[in-house]
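One-letter residues, chain by chain:
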Amino acid sequence: MSETIGFIGLGLMGAGFCKRLIATGRSVVGYDLDPARRAEAEALGVALAASPAEVAERANPVCIAVTTTKAVQAVISGEGGILSAKPKPGAIVIDFSTTEIGVTKALAAALTEAGIAFIDAPVSGGPPAAEAGKLAIMAGGAPEAIAAVRPLAESLGLFTHMGAVGAGQATKLVNQALCLTNYVVVAESLRLAEAYGVDADKIPAALAPGLGNSAVLQAMMPRMVARDFAPKGYARQVLKDLEMLMEAGREQHLAMPMVAQALMLYRMLVAQGDSELDAIAVLKLLPEVEQAPH
């Protein structure tokens, strides 16, 4: 693989990825629709391209980290998309986005027909983990493509080949069912602690050895206590993932009542105008409570 990596999508996650790639000695050619994101990436040392097609012509593999399924479609098959480029020998596209499984498979088929391998590799951990190389990366794709990108992927985090194209996205749905419902549970738990006058700052450390511990508890409760809703990821993205998760469950006739409750709350959070806050702002939907008398 070339040590010049293409990256499309230079937002919060994309910037984290690019910082890691540059820190590990790789050159990055990038593109984003947003001029502000492009300028921020250029300041990090990313060489800018004018389109996804140009990224594909200058780098291999090409990585994608955008926020919606439609955005992935535009990057690959839209005007100036990857499919309009002349592929390099051994060209591979790695999609780190969280997208619909059916669309993922259709895009993979179109790329394969054009001589470009495709790996769906959604991630968990957020921008700090991307920058630190500590993401959970769940991948779907052909074994030969997986083998080709493994050294790169393992510099970004724990890279697990889950199966054929689409298996990465299916695994990410499992992750989101576990993670996003836990956001709501942690928020409820914080309100309970505050109602009884417990020092909530101590809870993550106090519960760390117990079965109530989780990565979400450790990462999110301190920020909830501080009411730090500055986005490390956006509430609108969580809503998008929960909608996708419910649809995937519906297709398999699955009962997912906890996911349904979380979905309702995030619909409310976004409807009240908080789409650009961090997902932990779900705490705002749970009323402040009076402390119990001592």
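Rules and cut-offs
- Residues numbered from 1 in each chain as written.
- Predicted model: local features only at pLDDT ≥ 70, side-chain atom pairs only at ≥ 80, totals over all residues.
- Heavy atoms only, no water.
- Helix = DSSP H or I, 4+ residues; strand = E, 2+ residues; numbered from the N terminus.
- Expected span 1.5 Å × (residues − 1).
- Buried < 20%, exposed > 50% of the residue type's maximum accessible area, 1.4 Å probe, protein only.
- Contact = heavy atoms within 4.5 Å.
- Right-handed = clockwise from strand over helix to strand, strands pointing away.
- Pairing = 2+ DSSP bridges.
- UniProt positions renumbered as here; feature names shortened; annotations may be inferred.
- Axes fitted to C-alpha atoms, helices over the stretch in contact; angles between N-to-C directions.
- Parallel < 35°, antiparallel > 145°, perpendicular 65-115°, else oblique.

Let's talk about helix 11 (residues 235-251)
Move 1: Taking 1.5 Å per residue, 17 residues should reach 24 Å; helix 11 reaches 25 Å between its end C-alpha atoms and fits that length.
Move 2: Along helix 11, the residues that are buried comprise Ala235, Val238, Leu239, Asp241, Leu242, Met244, Leu245, Met246, Ala248 and Gly249.
Move 3: Here the buried face of helix 11 lies against helix 4 (69-77), helix 8 (167-195) and helix 12 (257-271).
Move 4: His253 sits one or two positions beyond helix 11 and adopts a positive phi of about 60°.

Side note on the pairing of strand 5 (residues 92-95)
Move 1: Taking every second residue as pointing to the same face, both faces of strand 5 are buried, with Ile92 and Ile94 on one and Val93 and Asp95 on the other.
Move 2: Tracing the backbone out of strand 4 (residues 62-64), into helix 4 and back to the parallel element strand 5 gives a crossover that is right-handed.
Move 3: Relative to strand 6 (residues 117-120), strand 5 runs parallel, the two sharing 4 bridges. Along strand 6, the bridge assignment pairs Val93 with Phe118.
Move 4: As a crossover connection, the stretch from strand 5 through helix 5 (residues 101-113) into strand 6 is right-handed.

Some points on the UniProt feature "domain: 3-hydroxyisobutyrate dehydrogenase-like NAD-binding" (unreviewed entry) in the protein
Move 1: Mapped onto this structure's residue numbering, the UniProt feature "domain: 3-hydroxyisobutyrate dehydrogenase-like NAD-binding" (unreviewed entry) falls at residues 166-286.
Move 2: Strand forms 0% of residues 166-286 and helix 64%; the C-alpha atoms that close the span are 36 Å apart.

Here we look at the UniProt feature "domain: 6-phosphogluconate dehydrogenase NADP-binding" (unreviewed entry) in the protein
Move 1: In the numbering used here, UniProt assigns the "domain: 6-phosphogluconate dehydrogenase NADP-binding" (unreviewed entry) feature to residues 4-158.
Move 2: Annotation note: span residues 4-158, helix share 45%, strand share 21%, distance between end C-alpha atoms 21 Å.

Overview of the pairing of strand 8 (residues 135-140)
Move 1: The element strand 8 is extensively covered by neighbouring structure, given that 5 of its 6 residues are classed as buried.
Move 2: Looking at chain direction, strand 7 (residues 123-124) and strand 8 are connected through 2 bridges and run antiparallel. In the sheet register, Val123 faces strand 8, and the bridge partner there is Ile137.
Move 3: By the bridge criterion, 6 bridges tie strand 8 to strand 9 (residues 157-163) in an arrangement that is parallel. Residue pairing across strands places Ala136 opposite Leu158, the latter belonging to strand 9.
Move 4: Taken together, strand 8, helix 7 (residues 143-154) and strand 9 form a β-α-β motif whose crossover is right-handed.

Digging into the packing of helix 4 against helix 5
Move 1: Two numbers describe how helix 4 lies on helix 5: the axes approach to 11 Å, and their chain directions differ by 5°. Relative to helix 5, the element helix 4 lies roughly parallel. In this structure, helix 4 uses Thr69, Val72, Gln73, Ile76 and Ser77 to contact helix 5, whose residues at the interface are Val103, Leu107 and Leu111.

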